[in-house]
Every structure is written in C-alpha cells, then in structure tokens.
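Results of the structural survey
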Amino acid sequence: MTTAFYSHPDCRRHDMGRGHPECPQRLDAIDDYLLAKGVDIALDRREAPLVALSDLALAHSSGYVAELSDLLDQVSSSGQPCALDPDTIASPGSLVAVMRAAGAAVAATDAVLDGTVENAFCSVRPPGHHATRESAMGFCFFNNVAVAARHALDVRGLERVAIVDFDVHHGNGTEDIIANDERVLMVSIFQHPLYPYSGGVPKGTNMVNLPIAPYTRGPEVRALIEANWMPRLEAFRPQMIFVSAGFDAHRDDDLGQLGLVEADYQWMTEQIKAVADRHANGRIVSCLEGGYNLRALARSVAAHLRVLAGV
Ligand SMILES: [Zn+2]
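The rules we used
- Residues numbered from 1 in each chain as written.
- Predicted model: local features only at pLDDT ≥ 70, side-chain atom pairs only at ≥ 80, totals over all residues.
- Heavy atoms only, no water.
- Helix = DSSP H or I, 4+ residues; strand = E, 2+ residues; numbered from the N terminus.
- Buried < 20%, exposed > 50% of the residue type's maximum accessible area, 1.4 Å probe, protein only.
- Contact = heavy atoms within 4.5 Å.
- Axes fitted to C-alpha atoms, helices over the stretch in contact; angles between N-to-C directions.
- Parallel < 35°, antiparallel > 145°, perpendicular 65-115°, else oblique.
- Left-handed = near helix turned anticlockwise from the far one by under 90°.
- Nonpolar A, V, L, I, M, F, W, Y, C, P; charged D, E, K, R; others polar.
- Salt bridge = Lys/Arg side-chain N within 4 Å of Asp/Glu carboxyl O.

1. A few points about the side chain of T174
For T174, the location among the structural elements is in helix α6 (residues 172-178). The buried category is assigned to T174, whose relative accessible area is 0%. Every residue in contact with T174, bar those within four places of it in the chain, is listed here: H129, A131, N143, I163, A179 and M186.

2. Side note on unusual backbone geometry
The step from R125 to P126 runs through a cis peptide bond, and the omega angle for that step is 0°. Structurally, P126 can be placed in the loop between β5 (119-122) and α5 (144-155). Put simply, Y195 and P196 share a cis peptide bond, and its omega is 0°. A positive phi angle is found at N180, which is not glycine, with a value near 70°. Note that N180 resides in the loop between α6 and β7 (184-191). Judged by relative accessible area, which is 48%, N180 ranks as partly exposed. The phi dihedral of N281 is positive, around 55°, even though this residue is not glycine. Locating N281 in the fold gives a position in the loop between α8 (262-279) and β10 (284-288).

3. Concerning the packing of α8 against helix α9 (residues 294-309)
Put simply, α8 and α9 touch, their axes get as near as 8 Å, and they point 30° apart. When the interaxial angle is binned, α8 and α9 end up roughly parallel. The crossing of α8 and α9 is right-handed. Residues E262, Y265, Q266, T269, E270 and K273 of α8 pack against R299, S300, A303, H304, V307 and L308 of α9. Along the lines of polarity and charge, the residues of the contact of α8 with α9 split into 4 nonpolar, 4 polar and 4 charged.

4. Things to note about the pattern of salt bridges
Counted under the stated rule, the structure contains 21 salt bridges. Here R26 and E22 are joined by a salt bridge, their closest N and O atoms 2.8 Å apart. E22 shares its class with R26; the two are buried. For K273, the salt bridge is made with D277, and the minimal N-O distance between the two is 3.7 Å. Of this pair, K273 and D277 are both found in helix α8, 4 residues apart, which corresponds to roughly one turn of the helix.

Right under this line is the structure:
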C-alpha cells in the first residue's frame, strides 16, 4: 500500500503576521518530525498543483471564486495585506498557497481514484473547513475538502462520499456547502460552545454533528464516535472518505479545551480506515485543517500517517 503526501513550498508563503497561530512553521514542524521519526520514507511525496477555477466552482459560487481570486491577485501584486475578517488575512503569498492547498486535495483525489496510491494526506495551508459557499472566515479561504469531495462526485462520477471532520472547531463551511446533498454524509466532532458557535443543530439530515463539552477527554469522545458515527458510516457505505484532519482538539493545543492525545488520533484514523477498507477500497484523502501547538501537531500528524501508511 502507498500513501501520497501532497505539499508545496508555496503553502508557506501565506503569512497572516507575527504571532498568528496559523503560521508557516506548522508545515515545517510536520516535515521535521516525519523525517526524524522515519515516517517520511513510507510516504510518496508529491508536489501540490494549482487548483482549476472550475473545481473551486463545484463548492463555491462562481461569483465568490472570481471575487476572492481577484482580491488575492491584487494583494499579491500590490504587496499590501488585506484582512477578510479579524483572523483571516490575505498576504502577498496567499494566492499561490490557497490555490496549491485546494489543488493538493483535488490531485490527491484523482491519484486515489486512479489507483496510483491507496490513500493520501495533504500537508497544506491555509485550511478550509470554515470557508462557506460564499465567504472566507476563520483562517480559511476556499474549502479544500468540500472542493475535493465535489470533484469526486461531479467530475469523477462517484455516487457516495463521506466527510469526517475531527477538528476542534465545527466545520461550518463544509456543512454550509454540503448540507442536504444526499450524496455526502458528514460526520464530525467539535467542541461546543467554541468558534464558530454553530453545529449544535445540524443543517441537514446528511450531517452527524457531535458537539462536545470543554475538557472532555479521549475515552468519552471514542464512545460517542462508536455510538454515533460508525453506524451511520456503515449504513451509508461511502465509496471514498475525505478527512478534515484538524489536530487542535489535542490536550496541548490552546485554541480549544478538549483532551485528545496522539493515541486518540491513531484510534480515529483506524476507525476511518476500517470503514474505507470495507466499503471504499481503502480510498481516503485527508487534508490538514487546524492544529496550532507545533509539537503536538507534528506528533499527531505522524500518528495519523502511520495508520494511513500501515507503518
Ligand atoms: Zn480548528
């Protein structure tokens, strides 16, 4: 089995300013740890291409795609940063990073569907799961996972795909895009209440939202997942699974107050992989979302990748 690892140096060029937790060093921390621990040799490293605008328009309105790409292009040529919301800042390097992040997700989807690799991880930024059909927010510009899921359905002809989101924040953008698209089942956990303060009531029957109280730890989260995600995933029989892999529910991450550790990320990945093996020929595309304590992020990504790569 082979696991592809999609990334690109351009993803480090998106810079939201000194002290911002969603920083370029996140990708360096992941790379360094994977090399130091020998996980890197099990991965097939691939360069993330730029996304096609037509793929972005599968998940976003064509007006938003044009408006945001124009704005990022202007910021790139003027050299003047522009805040889209108080936490989401376009910098001169953002255009290429944003296009590579979504491009990685789409290319990974094609590689997995073509059977050249069994599964793939996209070590990219900016993240995507807060980006709605019509707007950027919460460090996110385009919704990488939703774009890739729609590419699998609309371009590659799959009939059922699942999205699993274990970031500490609710994936409101993904929900906004795929709620009531019955070709998609989205299962998620997230701390509640916490930014963006949504998700308590699911927006569609294809959403399995598990709001979790602050300070909840791994064993309780696992029990909730077993009781709520697994029966729905089994019944849905996804032909491919997309993962919004945020690692900010880690005990050491200051952006949330959940108590997950590396072993919990390993366990969740094993559950996802078991469903993929039973129903989807093992097909998984996982995309980095949050995770802001650099050391915990790197260790958690390694735990996730060890399961994906079977090492
Ligand atoms: Zn997050």
